[in-house]
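One letter stands for each residue in the lines below.
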Amino acid sequence: MTEERLEREQILEMSGGFMSACVVGAAVELDLFTVLGDGALSAASMAEKLKADGRATRVLLDAVASLGLLDKRDDLYSVPPELRPLLTEGTPETLLPGIRHRINILRAWSQLAWVTKAGIPAPRTASIRGPEADREAFVAAMHSYSGPLADGLVARLGPPAFEHLLDVGGASGTWTLAFLRAVPGARATVFDLPHAIEQARQRIAGTEFADRIELVAGDFYTDDLPGGADFAWVSAITHQHSREQNRRLFAKVYAALEPGGRIALRDVVMEPCRTRPQMGALFAINMLVNTEGGGTFTFDELAEDLRAAGFQSPELTVPSDDMNAVVSATRA
């Protein structure tokens, strides 16, 4: 079948995609939606609250309203009631951390031509919120992206039978909680950097699973992983690494698992042509501009790297065109 060729206007539309992204990103970085809350304010009042320039605030507010993310009536701006749970801080449905993270990486994407010539990642610059807030946004974004789909993907896995889960790079515990909801009586260890473990502590505290979860702070680049688990979950990590780095990480997981234990990798899995799925081809750019050697990999590459670490019988347990494909293997 012949693929339909893009028209002129579609190509131009592609090149203009940054406009709406930057408008939404600036609004979120400035906490514009949270400041408005359930009220209605003029541009002058918003500028005062944001400690921002009056003209620039008005232009930004009008652009946000043009995208349908604000209502404007009688020169007063408000957040549509149906969008408030998505666009304000502290709600279970909030999209703010994920949007902040995307705007943080957009700065590197804008340097793609430079990166392609130089072969090294783009210089990392902080947002208006500062580097510490950017790190917090990254961890919170992982929950924002994964939270709504975690239970469904765990169900597609069977769920897997295990007694002790090791959640490698488990961020704020989103996947650990989903697995424990699905496997009564199991326990878990979440391993991640100290700032991520602190977010996990806050998310897990007060849940019915708190006494079944051990939180361990460390760096899997330099530290051994906690032992004793029979199932290891490695979610959205392989794309951050080169294949050699992944082999070293898989070897650490192998050493931490009990004999017969299983590893499951959640990530995008590329077709051999590397142009499909499109999401994976584009995500490889994200790794190109933001990491030293990260990328997206085919099943054969992941299987080869798992075998190199000692694992047996790798399989594509869950096929998917996005970040929710799962590759599994068994420890001897």
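Anything mentioned here points back to the structure above.
Residues numbered from 1 in each chain as written. Predicted model: local features only at pLDDT ≥ 70, side-chain atom pairs only at ≥ 80, totals over all residues. Heavy atoms only, no water.

(A) Broad picture of the nonpolar core. With 26 residues, the main nonpolar core has V253, I263 and F311 as its most contacted residues. Within the residue set of this core, elements represented by two or more residues are strand 4 (164–168), strand 7 (229–235), helix 12 (243–256), strand 8 (257–267), helix 14 (299–308) and strand 12 (325–330). No other element matches the five residues that helix 12 contributes to this core. Aside from chain neighbours lying at most four places away, what touches V253 is V168, L225, A232, V234, I263 and F311. The next biggest cluster of nonpolar side chains, apart from the first, holds 25 residues, and it includes L153, F162, A178 and V318. (Core = buried A, V, L, I, M, F, W, Y, C linked by side-chain atoms within 4.5 Å. Buried < 20%, exposed > 50% of the residue type's maximum accessible area, 1.4 Å probe, protein only. Helix = DSSP H or I, 4+ residues; strand = E, 2+ residues; numbered from the N terminus. Contact = heavy atoms within 4.5 Å.)

(B) Molecular detail of the sheet that holds strand 3 (residues 76–78). The strand order across the open sheet built from three strands is 1-3-2, with neighbouring strands paired in antiparallel fashion. Every interior strand has two partners, whereas the edge strands, strand 1 (40–41) and strand 2 (71–73), have only one. Pairing of strand 2 with strand 3, which is carried by three bridges, proceeds in the antiparallel orientation. Bridging across to strand 3, D71 finds its partner in S78. (Pairing = 2+ DSSP bridges.)

(C) Fine view of the pairing of strand 12. The buried count for strand 12 comes to six of six residues, which makes it a mostly enclosed element. Because side chains alternate across strand 12, one face comprises the buried residues A325, V327 and A329, and the other comprises V326, S328 and T330, equally buried. With six bridges joining them, strand 8 and strand 12 adopt antiparallel strand pairing. Counted as the bridge partner of R266 is V326 from strand 12. Judged from the four bridges that link them, strand 11 (residues 312–318) and strand 12 form a sheet pairing that is antiparallel. Across the sheet, E315 pairs through a bridge with S328, a residue of strand 12. The hairpin turn running from strand 11 into strand 12, its antiparallel successor, is six residues long.

(D) Up close: the packing of aromatic side chains. Within the structure shown, the criterion is met by seven aromatic pairs. Ring centres 6.0 Å apart and planes at 80° place the aromatic pair F162 and F179 in the edge-to-face group. Placement of F162 in the loop between helix 9 (131–156) and strand 4 and of F179 in helix 10 (residues 174–182) is noted, with a sequence separation of 17 residues between them. A relative accessible area of 0% means that F179 is categorised as buried. Linked through ring pairs, F162, W175, F179, F231 and W233 together constitute an aromatic cluster. The ring of Y254 is capped by R331, whose NZ or CZ atom sits 4.3 Å from the centre of that ring. (Phe/Tyr/Trp six-rings, centres within 6.5 Å; stacked < 30°, edge-to-face > 60°. Lys NZ or Arg CZ within 6 Å of the ring centre and 35° of its normal.)

(E) Just the side chain of E29, in detail. By the secondary structure assignment, E29 is in helix 2 (residues 18–29). The exposure class assigned to E29 is buried, which follows from its relative accessible area of 15%. Leave out the neighbours within four places in its chain, and E29 touches I103, N104, R107, S127, I128 and R129.

(F) Fine view of helix 14. Taken as a whole, helix 14 has its buried residues at E301, L302, A303, D305 and L306. Note on helix 14: the residue one or two positions beyond its end, G310, has a positive phi of about 110°.

(G) Seen up close, the pattern of salt bridges. Applying the stated rule across the entire model yields 18 salt bridges. Taking the shortest distance from any N to any O, the salt bridge between D31 and R100 comes out at 2.7 Å. Here R100 lies in helix 7 (residues 96–109) and D31 lies in the loop between helix 2 and helix 3 (32–36), a separation of 69 residues in the sequence. The class for R100 is buried, based on a relative accessible area of 6%. (Salt bridge = Lys/Arg side-chain N within 4 Å of Asp/Glu carboxyl O.)

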